[in-house]
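Letter by letter, the chains look like this.
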Amino acid sequence: MSGNYVSGFLEAGDCIGIAEIWASQGAIATSEITEMADALDGLVKDSIIEGGLVRDGNSKEVLVYGLNAFVSDETRSAVHQNPEPFHSIRFLRDYIQTGRNVFLTVEEQAKGNAGEGLNAISVDYWQKTFDMTDPEFSKAMNAFLPIFLDMFKGFNIKTVTFEAETSHDQITREIGYTDRFDHQIGTRAHYLANRVIDGAAFHNQMIQMAMIYRQPRMRFSLFEQRVMRIALSGRTDQEIASMLGCSRDAVKQCWRGIYAHATETVPGFFNHTDTDRSQRGPEKRRILLAHIRENIQEIRPYSLRRDKRGVV
């Protein structure tokens with residue numbers, strides 16, 4: 001490996017490589033690769049599954065990836081009571097075959113964020129090497145850590161369920177998972193972390209850092225959130241429009257609504273009066289996106305407001 005690592009959030013179209021890794025692990029059949037990748041791509045596009053990965057900058061080989069979703073209290077309890085290998089992949093297979101989806105939609109996530117909190121479940125986490133004596137192990141994990149934290153950041157998470165090989169028990173415990181649910185077959189187990197409000201674990205365990213939560217000050221519509229999420233990756237309005245399947249004018253109109261809503265909910269946000277037109281769109285966008293990067297909860301679903309057309 002080159003040591004030149006490139007990390008980023010998972011986008012629709014990236015999932016074929018993950019499905020191929022699943023097949024190499026024996027988690028799915030080779031014949032399932034395409035449909036599994038397509039199902040994952042759709043769930044990523046709809047913000048039902050969040051994901052990130054690290055690639056070798058030269059070979060483009062995937063070195064680390066992680067996928068996260070949210071489930072109901074009932075689904076979380078069922079997983080712990082009857083843990084099975086590759087549980088989330090089984091959920092995906094059932095979704096493909098029956099259309100039944102146990103992962104929470106954006107609207108369901110919004111209710112959890114504004115209520116008692118969400119149950120995160122690791123759809124899968126994989127590293128090319130788990131040999132802690134290998135220098136590439138720590139390099140790859142450190143490259144993925146900011147992506148891992150950003151996948152959780154801004155959500156009101158009360159529990160996290162993680163599936164791993166029991167041979168990785170030590171590092172899983174060090175990350176902050178406290179409870180272990182062994183499978184009846186195989187060498188894998190499910191692990192659980194509950195949010196800790198105070199104490200040493202709050203400060204020094206990675207999973208507790210991921211569960212730090214602040215409520216949003218602004219409430220944007222779902223479409224506005226999608227526009228800003230894509231904009232954070234540096235896309236132009238035309239690229240945003242293509243990804244969302246709308247016109248460039250619709251995206252421009254959306255930005256105007258975003259700026260107006262930010263000014264309405266946080267007076268003085270752009271540090272100018274409503275009659276001062278000297279601060280143009282690009283500068284407003286720069287200010288807004290800088291704020292969003294530091295306050296990602298602003299574009300997480302939270303009792304999504306309704307626009308004038310009544311669409312969330």
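Keep in mind that this is a model prediction, so the values were computed, not measured.

J.: So what's going on with helix α3 (residues 73-81)? Residues and values would help.
T.: Within α3, the full set of buried residues consists of Thr75, Arg76, Val79 and His80. Taken around the axis of α3, the buried residues stretch over an arc of 135°, which confines them to a single face. Of the exposed residues in α3, the ones pointing more than 90 degrees away from its buried face are Glu74 and Gln81. Buried positions along α3 lie against β3 (62-71), α4 (87-98), β4 (118-127), β5 (157-165), β6 (179-182) and β7 (188-194).

J.: Could you give me a rundown of the pairing of β5, with the residues and numbers involved?
T.: The element β5 is largely enclosed, with a buried count of eight among its nine residues. As paired elements, β4 and β5 share four bridges and run parallel to each other. Bridging across to β5, Ala120 finds its partner in Val160. For the crossover from β4 across helix α6 (residues 135-152) to β5, the handedness is right-handed. Relative to β7, β5 runs antiparallel, the two sharing seven bridges. Among the inter-strand pairings, Val160 is bridged to a residue of β7, identified as Ala193.

J.: Which residues make up the packing of helix α1 (residues 15-25) against helix α2 (residues 33-45), and what values do they have?
T.: The contact between α1 and α2 brings their axes to 8 Å, and the two run at 135°. Relative to α2, the element α1 is oriented oblique. The crossing of α1 and α2 is right-handed. Residues Cys15, Ile16, Ile18, Ala19, Glu20, Trp22 and Ala23 of α1 pack against Ile33, Met36, Ala37, Leu40, Asp41 and Val44 of α2. Along the lines of polarity and charge, the residues of the contact of α1 with α2 split into eleven nonpolar, no polar and two charged.

Each value, and the rule that gives it
- Residues numbered from 1 in each chain as written.
- Predicted model: local features only at pLDDT ≥ 70, side-chain atom pairs only at ≥ 80, totals over all residues.
- Heavy atoms only, no water.
- Buried < 20%, exposed > 50% of the residue type's maximum accessible area, 1.4 Å probe, protein only.
- Helix = DSSP H or I, 4+ residues; strand = E, 2+ residues; numbered from the N terminus.
- Arc of directions from axis to C-beta.
- Contact = heavy atoms within 4.5 Å.
- Pairing = 2+ DSSP bridges.
- Right-handed = clockwise from strand over helix to strand, strands pointing away.
- Axes fitted to C-alpha atoms, helices over the stretch in contact; angles between N-to-C directions.
- Parallel < 35°, antiparallel > 145°, perpendicular 65-115°, else oblique.
- Left-handed = near helix turned anticlockwise from the far one by under 90°.
- Nonpolar A, V, L, I, M, F, W, Y, C, P; charged D, E, K, R; others polar.

Just geometry here; none of it tells us what the structure is for.
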